[in-house]
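# Tertiary structure, described
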Amino acid sequence: GAVVSQHPSRVICKSGTSVKIECRSLDFQATTMFWYRQFPKQSLMLMATSNEGSKATYEQGVEKDKFLINHASLTLSTLTVTSAHPEDSSFYICSGGTEHTFGSGTRLTVV
Amino acid sequence: GENVEQHPSTLSVQEGDSAVIKCTYSDSASNYFPWYKQELGKGPQLIIDIRSNVGEKKDQRIAVTLNKTAKHFSLHITETQPEDSAVYFCAASDSYSGAGSYQLTFGKGTKLSVIP
């Protein structure tokens, strides 16, 4: 079946720095990938839809200048959290493919 | 937009018993209803899905039923095992087309605990 590889699985960064999260579709081409944020013991909140070769579509309330999404190829989408602050600490997950295959998630901690 | 309600939020069952999780949706145009299992610290995994032209689907110990009139769908797990313990999410989409560009609206999740 479809596999989405997400890296890193965990990252700790200092306030004010930027962090890049990568999602790769290993055995399929993804023209669309979705980025979610999940708070502890809560559901998945869609942040943005990443479209290969064009601009991402952001959900209401998500700052596009803070959460930069790039989908430069059919197998790679990246989410960059810029100027990270402690309130950005969360679990970030991507998904793609016909069955919304999810990556393993990235636990971001901003200190 | 679509709204998905999921109940219960927590569920404890004895090993070997059945577990049922229920979801309701608001958009009558929704046509695709997947269920995901999420283990601690991992991404969700699709365990079963159903499309709006089917009333029931079964895969070994897992089954999903859909009532389009009432706009609700349920996950049934029989002969539960400790490894079934996880958080389960239902979801709905009103734009499923078989390609990968449809959005999903998720329920808030059910934490299932199977007691040995």
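Residues numbered from 1 in each chain as written. Chains lettered and ligands numbered in written order. Predicted model: local features only at pLDDT ≥ 70, side-chain atom pairs only at ≥ 80, totals over all residues. Heavy atoms only, no water.

## Here we look at the overall build of chain B
Counting its secondary structure elements, chain B contains 0 helices and 11 strands. Reading the secondary structure of chain B in the N-to-C direction produces β-β-β-β-β-β-β-β-β-β-β. A globule of 116 residues ought to have a C-alpha radius of gyration of about 13 Å, and chain B, at 14 Å, matches this closely. Structurally, chain B occupies a C-alpha span of about 40 × 30 × 20 Å along its principal axes. Out of the 116 residues in chain B, the part that is buried amounts to 44%. Considering only contacts in chain B between residues 6 or more positions apart, those separated by 24 or more positions represent 55%. For chain B, the computed accessible surface area is about 5,800 Å², with 46% contributed by carbon and sulfur atoms. Of the charged side chains in chain B, 11 are positive and 13 negative; the average position of the first set lies 3 Å away from that of the second. (Helix = DSSP H or I, 4+ residues; strand = E, 2+ residues; numbered from the N terminus. Rg over C-alpha atoms; globule rule 2.2 N^0.38 Å. Buried < 20%, exposed > 50% of the residue type's maximum accessible area, 1.4 Å probe, protein only. Contact = heavy atoms within 4.5 Å. Areas by Shrake-Rupley, 256 points an atom, 1.4 Å probe, with all protein chains shown as cover. Lys, Arg positive; Asp, Glu negative; His and termini not counted. Charge placed at Lys NZ, Arg CZ, Asp CG, Glu CD.)

## A few points about the sheet that holds strand β3 (residues 19-25) of chain B
Residue and element names in this part refer to chain B. The 5 strands lie next to each other as β1-β3-β8-β7-β6, forming an open sheet whose pairing is antiparallel. A single partner strand is all that each edge strand has here, and the edge strands are β1 (4-7) and β6 (56-59). Ignoring strand direction, the axes of neighbouring strands in this sheet form an average angle of 15 degrees. Summarising the sheet, strand β7 (residues 62-67) and strand β8 (residues 72-77) pair through 6 bridges and their orientation is antiparallel. Bridged to V64 within β8 is L75. (Pairing = 2+ DSSP bridges. Axes fitted to C-alpha atoms, helices over the stretch in contact; angles between N-to-C directions.)

## A few points about the sheet that holds strand β1 (residues 4-7) of chain A
All names here are of chain A. Pairing in this open sheet of 4 strands is antiparallel, and the strands run β1-β3-β8-β7 from one edge to the other. Every other strand in the sheet has two partners, leaving β1 and β7 (67-73) as the edge strands with one partner each. This sheet shows a mean twist of 15 degrees between the axes of neighbouring strands, independent of strand direction. Judged from the 6 bridges that link them, strand β3 (residues 19-25) and strand β8 (residues 76-81) form a sheet pairing that is antiparallel. Its bridge partner being in β8, E22 is matched across the sheet by T78.

## Considering the interface of chain A and chain B
Facing 19 residues of chain A, the contacting portion of chain B comprises 19 residues. Buried surface at the junction of chain A and chain B, both sides included, amounts to about 1,400 Å², of which 55% is carbon and sulfur. It is T98, H100 and F102 of chain A that lose the most area in chain A upon contact with chain B, and together they represent 30% of the buried surface on that side. At the level of secondary structure, the elements contributing two or more residues to the side of chain A that touches chain B comprise β4 (32-38), β5 (44-51) and β9 (90-96) of chain A. Here the element with the most residues in the side of chain A that touches chain B is β4 of chain A; it accounts for 4 residues. Broken down by class, the residue content of the side of chain A that touches chain B amounts to 7 nonpolar, 10 polar and 2 charged. (Buried area = accessible area lost by both parts, 1.4 Å probe. Nonpolar A, V, L, I, M, F, W, Y, C, P; charged D, E, K, R; others polar.)

## Points about the packing of aromatic side chains
One pass over the full model with this rule turns up 11 aromatic pairs over all chains. Where Y25 of chain B meets F33 of chain B, the ring centres are 4.7 Å apart and the plane angle is 45 degrees; that geometry is what we call tilted. Residue classification places Y25 of chain B among the buried positions, given a relative accessible area of 6%. Ring geometry for Y25 of chain B and F73 of chain B: centres 6.0 Å apart, planes at 55 degrees, overall tilted. In this pair, Y25 of chain B sits in strand β3 while F73 of chain B sits in strand β8, placing the two residues 48 residues apart along the sequence. Across this residue pair, the class does not change: Y25 of chain B and F73 of chain B are buried. Counting every residue linked through ring pairs, the aromatic cluster contains Y36 and F102 of chain A together with Y36 and F106 of chain B. (Phe/Tyr/Trp six-rings, centres within 6.5 Å; stacked < 30°, edge-to-face > 60°.)

## A short note on the nonpolar core
Membership of the largest hydrophobic core comes to 24 residues, with the highest contact counts inside it found for W35, F73, L75, Y88 and L112 of chain B. Residues within four places of F73 of chain B in sequence aside, it is in contact with I21, K22, C23, Y25, F33, W35, T65, L66, C90 and A91 of chain B. (Core = buried A, V, L, I, M, F, W, Y, C linked by side-chain atoms within 4.5 Å.)

## Let's talk about the state of the cysteines
Residues and elements named next belong to chain A. A complete count under the given rule lists 2 disulfides over all chains for this structure. The disulfide bridge from C23 ends at C94, spanning 1.6 Å between sulfur atoms. Measuring the twist about the S-S bond at about -85 degrees, one finds the C23-C94 disulfide to be left-handed. Taken together, the positions of C23 in strand β3 and C94 in strand β9 put the pair 71 residues apart, joining distant regions of the chain. (Disulfide = S-S within 2.5 Å.)

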